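Residue-level listing of the chains:
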Amino acid sequence: MSISATLKKHNVSAGPAILPQSVFEEAAQAVLDFNGVGLSILEMSHRSKEYGAVVDEAVSLIREIGGIDDSYEILFLTGGASSQFYMAPMNLLNENETAAYVNTGTWSTKAIKEVENFGNAVEIASSKDKGFSYIPKGYDVPSDAVYLHTTSNNTISGTEYQSTPASNGVPIICDMSSNMFSRPIEVEKYGMIYAGAQKNIGPAGVTLVIIKKDWLGRAKRSIPTMLNYSTHAAKGSMFNTPPAYPIYVLMLTMRWLKAQGGLKGIEQHNIEKANLLYNEIDSNPLFKGTVAKEDRSRMNVTFLPTDQELTDTFIDMATEAGINGIKGHRSVGGFRASIYNAMQKESVQVLVDVMRECGRKFG
Ligand SMILES: *Cc1c(COP(=O)(O)O)cnc(C)c1O
């Protein structure tokens, strides 16, 4: 019934994405019998004592790993990171107020579009002029902005902020979907952090929202109950049936992350994997990177063949070696290797070996 380690693919897909193998195994076991209770986790009441303990542990692990104190609420919501594009301005921005946005790609473009329903968005910087291949620097954040919205890692173009964005003291709202908990975070600079779980911290179906408690109820408009952060904060994400199984798998992933040495430990691992791959891209004449070197993502590594004709050949060779999902996003082309927290260095080495073999054959 189980898939042997030799058959398991090296999954570099952008999301839903790889999770630790031990998490897959524990999650599979809990579907059959949760902790010897005699029930599948899928059939357990979200109001049961056993399930309550799962949510409590998930919240406390997130607080511990992220260094997130009680001035922030930890929420498990549905609707994906995409719903946060509108929920944030709906809950936080009054009609006559302004929020500042840095446009670093597809996802931030979508986030900006949603603001017009609730208030004013000013795009204070953008890297659209060069196909989102860099992170804009040296912009001014208006001091009257309610928040500055940024996207810490750009899953499609392959760029990442290497430090907390300058914000002129304005609280930051950050879409961290694709690099959440892959490196330490200066939490106190943020008013809100959100992440669809399916890139780095769990399966699809749950969205993590970390929000400053004193921001709850900020916007003075009437908000539908289910779209109001206060509703979910007041009930510990249990106002209605939460995405119970995704939260459980996220909790298991947090246990695993803690055992890796938390954010410092996983950052070291992620740096080593990214260096291994970027070094090959820079030294192998058949490949070239697509973004400014100082802004390269440790999570989503985008690269092109120097000879277009080799695109399909390389994808075939990688597939043959057991690599899944290497084809680049259609807007960038070429290749994208998503090497999230759970990706083993050995799997990155398999990819590097295929690149070298390609170099030997066609270089
Ligand atoms: C995938 C992704 C999203 C969209 O997430 P959904 O959960 O599918 O709505 C938003 N932002 C970033 C940075 C992403 O990578």
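Residues numbered from 1 in each chain as written. Predicted model: local features only at pLDDT ≥ 70, side-chain atom pairs only at ≥ 80, totals over all residues. Heavy atoms only, no water.

Novice: Account for the overall build of the protein, with residues named and values stated.
Specialist: Along the protein, the regular secondary structure elements total nine helices and 14 strands. On C-alpha atoms alone, the protein measures out to a radius of gyration of 21 Å, which is about the 21 Å that the 2.2 N^0.38 rule sets for 363 residues. Overall size of the protein, expressed as C-alpha extent along the three principal axes, is 65 × 55 × 30 Å. The buried share of the protein, reckoned over its 363 residues, is 55%. Of the contacts made within the protein by residues no fewer than 6 positions apart, 67% connect residues no fewer than 24 positions apart. Within the structure as shown, the protein displays about 15,800 Å² of accessible surface, and the carbon and sulfur contribution to it stands at 50%. Taking the 34 positively charged and 38 negatively charged side chains of the protein as two groups, their mean positions are separated by 1 Å. (Helix = DSSP H or I, 4+ residues; strand = E, 2+ residues; numbered from the N terminus. Rg over C-alpha atoms; globule rule 2.2 N^0.38 Å. Buried < 20%, exposed > 50% of the residue type's maximum accessible area, 1.4 Å probe, protein only. Contact = heavy atoms within 4.5 Å. Areas by Shrake-Rupley, 256 points an atom, 1.4 Å probe, with all protein chains shown as cover. Lys, Arg positive; Asp, Glu negative; His and termini not counted. Charge placed at Lys NZ, Arg CZ, Asp CG, Glu CD.)

Novice: Would you mind going over the sheet that holds strand β9 (residues 190-196) in detail, with residue names and values included?
Specialist: Taken together, the seven strands give an open sheet; going across it, the order is β2-β10-β9-β8-β5-β3-β4, and neighbouring strands pair in mixed fashion. Every interior strand has two partners, whereas the edge strands, β2 (72-77) and β4 (120-126), have only one. Between one strand axis and the next, the sheet turns through 20 degrees on average, direction left out of account. As judged from the five bridges shared by β9 and strand β10 (residues 207-212), these two strands associate in the antiparallel manner. (Pairing = 2+ DSSP bridges. Axes fitted to C-alpha atoms, helices over the stretch in contact; angles between N-to-C directions.)

Novice: Any chance you could break down the domain arrangement of the protein for me, citing the residues and the numbers?
Specialist: When cut into domains, the protein gives domain 1 (22-259) and domain 2 (262-362). Placing a centre on the C-alpha atoms of domain 1 and another on those of domain 2 gives a separation of 27 Å. Each side of the interface is counted separately: domain 1 has 28 residues, and domain 2 has 24 residues. When domain 1 packs against domain 2, close to 2,100 Å² is buried across both sides, 52% of that on carbon and sulfur atoms. Counting the contacts that link domain 1 with domain 2 gives two salt bridges. (Domains from an automatic or database assignment. Buried area = accessible area lost by both parts, 1.4 Å probe. Salt bridge = Lys/Arg side-chain N within 4 Å of Asp/Glu carboxyl O.)

Novice: Would you mind going over the environment of Y134 in detail, with residue names and values included?
Specialist: When you line up the elements, Y134 lands in the loop between β4 and β5 (148-151). Residues Y134 and S163, spaced 29 residues apart in sequence, show a C-alpha to C-alpha distance of 14 Å. Beyond its immediate sequence surroundings of up to four residues, Y134 is in contact with S126, S127, D129, T159, A292 and D295. Of note is the side chain of Y134, whose polar atom sits 3.5 Å from the backbone oxygen of S126. (Polar contact = N/O pair within 3.5 Å; in protein donor to acceptor, adjacent residues only side chain to side chain.)

Novice: Outline the nonpolar core, supporting the account with residue identities and numerical values.
Specialist: Ranked by size, the top nonpolar core spans 57 residues in total, and within it I62, F76, M180 and F181 carry the most contacts. Sort the elements by how many residues they give to this core and helix α6 (residues 244-259) lands first, with 10 residues. Once you skip the residues sitting within four places of it in the chain, I62 turns out to touch G67, I68, I74, F76, F181, L208, I210, L250 and M254. Judged by nonpolar contacts, the second largest core, of 33 residues, contains L310, I339, V348 and V354. (Core = buried A, V, L, I, M, F, W, Y, C linked by side-chain atoms within 4.5 Å.)

Novice: So, the site of the ligand: which residues are in play, and what are the values?
Specialist: The full set close to the ligand counts 13 residues, and S82, T155, D175, Q198 and K199 are the nearest of them. In this structure, an oxygen atom belonging to the ligand sits 3.0 Å away from a main-chain N or O atom of A81. Contacts to the ligand include Q198, whose side-chain N or O atom sits 2.9 Å from an oxygen atom. Of all the elements, helix α3 (residues 80-92) adds the most residues to the shell around the ligand, at four residues. Among the residues forming the shell around the ligand, the class breakdown is three nonpolar, eight polar and two charged. (Near = heavy atom within 4 Å. Nonpolar A, V, L, I, M, F, W, Y, C, P; charged D, E, K, R; others polar.)

Novice: A description of unusual backbone geometry should follow, citing residues and the corresponding values.
Specialist: Note that the residue after G15, namely P16, is joined by a cis bond; omega there is -10 degrees. The phi angle at N35 is positive, at roughly 50 degrees, despite the residue not being glycine. Among the structural elements, N35 can be located in the loop between α1 (21-32) and α2 (49-66). The residue F181 is not glycine, and still its phi comes out positive at about 55 degrees. Looking at the element boundaries, F181 is found in the loop between β8 (172-175) and β9.

Novice: Lay out the sheet that holds strand β14 (residues 335-338) in plain terms, naming residues and giving numbers.
Specialist: Whenever strands of a sheet pair, they do so through backbone hydrogen bonds, lying parallel or antiparallel. A sheet is described by the order of its strands in space; here three strands give the open sequence β11-β12-β14, paired in antiparallel fashion. Two strands bound the open sheet, and with one partner strand each, they are β11 (287-289) and β14. Looking at each pair of strands side by side, their axes are set apart by 35 degrees on average, direction ignored. As defined by bridge partners, strand β12 (residues 300-305) adjoins β14 across four bridges and the pair is classed as antiparallel. By the bridge assignment, N300 is partnered in β14 with S338. Contacting β11, β12 and β14, helix α7 (residues 262-283) crosses the sheet at an angle of about 15 degrees to β12.

Novice: Pulling in residues and values, what's your account of α2?
Specialist: The α-helix winds at 3.6 residues per turn, so residues separated by three or four positions along the chain end up facing the same way. The terminal C-alpha atoms of α2, which comprises 18 residues, lie 26 Å apart, in line with the 26 Å expected from a rise of 1.5 Å per residue. Inspection of α2 places Y51, V54, V55, A58, L61, I62, R63, I65 and G66 among the buried residues, and these make up the whole buried set. Elements in contact with the buried residues of α2: β2, β10, α6 and α7. Note on α2: the residue one or two positions beyond its end, G67, has a positive phi of about 65 degrees. (Expected span 1.5 Å × (residues − 1).)

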